[in-house]
Amino acid sequence: MQFREIFPKVKEISQEEQEVTYLFTISEERFFLLKNGIEWEMEGYGWEKPVIFRNARPQYRGFAGITGMQLFDWYRSNRFCGRCGKPMVPDHKERMVHWECCGNMVYPKICLGVIVAVTNENKVLLTKYAQTPGRTANYALIAGFTEIGETLEETVQREVMEEVGLKVKNIRYYKSQP
Ligand SMILES: [Zn+2]
């Protein structure tokens, strides 16, 4: 499946629908969000589940698709001010929505979390998900979200304790991902 065919170009969108929000640039390719895109239909394009981005080639287009979806969700969930209830206005300079009367400024929030590989010699500890009928059992590393007031190391200790009842030490950082 070619992603060139999956992402429509801005110039292909008709004039009256051209209310687009700039998202980001990857390798000089710019990505936009089409306002009210959920109702958009056009010959030659169809709606797909985001799971297809997992196998997207080149990979950066999958990353663009997933990140674009997360931003779409953020814009959609921040249409009204949580303080005064009035409609929020997107800022023109940075990725933020605001409402002048109460001064509330809302930036995209990222929920920090950890994924932990608990190891013992040459083995790694996996948790088993509840099995859905007709599907094979899924195994996963211990993972969870960081709570307010907690360090990432404390999240690791708490999640491991909650999920498998082990007290972990010698916590080492491996790497991060968005
Ligand atoms: Zn407000």
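Note that the structure is a prediction, hence the values are computed from the model and not measured.

Cut-offs used in this document
- Residues numbered from 1 in each chain as written.
- Predicted model: local features only at pLDDT ≥ 70, side-chain atom pairs only at ≥ 80, totals over all residues.
- Heavy atoms only, no water.
- Core = buried A, V, L, I, M, F, W, Y, C linked by side-chain atoms within 4.5 Å.
- Buried < 20%, exposed > 50% of the residue type's maximum accessible area, 1.4 Å probe, protein only.
- Helix = DSSP H or I, 4+ residues; strand = E, 2+ residues; numbered from the N terminus.
- Contact = heavy atoms within 4.5 Å.
- Donors = N, O, S within 2.8 Å, 3.2 Å for Na, K, Ca; no water.
- Pairing = 2+ DSSP bridges.

(A) Structural context of the nonpolar core. In this structure, Leu 23 and Phe 24 are the most contacted members of the largest nonpolar core, which totals 13 residues. Listed by contribution, the elements that provide at least two residues to this core are β1 (20-26), β2 (29-34) and α2 (59-77). For this core, the element with the highest residue contribution is α2, accounting for four residues. In this structure, Phe 24 is in contact with Glu 29, Arg 30, Phe 31, Ala 64, Thr 67, Gly 68, Leu 71 and Arg 95, ignoring residues within four places of it in sequence. Grouped together as the second largest cluster of nonpolar side chains are seven residues, Val 118, Ile 142, Val 156 and Val 160 included.

(B) Quick peek at the coordination of the zinc ion. Looking at the zinc ion, the protein donor atoms are Cys 81 (SG), Cys 84 (SG) and Cys 102 (SG), and they sit 2.2 to 2.3 Å from it. Counting the intervening residues between successive donors of the zinc ion yields the motif C-x2-C-x17-C. In this pair, Cys 84 is assigned in the loop between α2 and β3 (89-90) and Cys 102 in the loop between β4 (97-99) and β5 (104-106), connecting sequence segments 18 residues apart.

(C) Quick look at the pairing of β1. One ladder, built from six bridges, connects β1 with β2; its direction is antiparallel. Bridge assignment links Ile 26 to a residue of β2, and that residue is Glu 29. Counted along the chain from β1 to the antiparallel partner β2, the turn is two residues long, and its residue Ser 27 has a positive phi close to 50 degrees.

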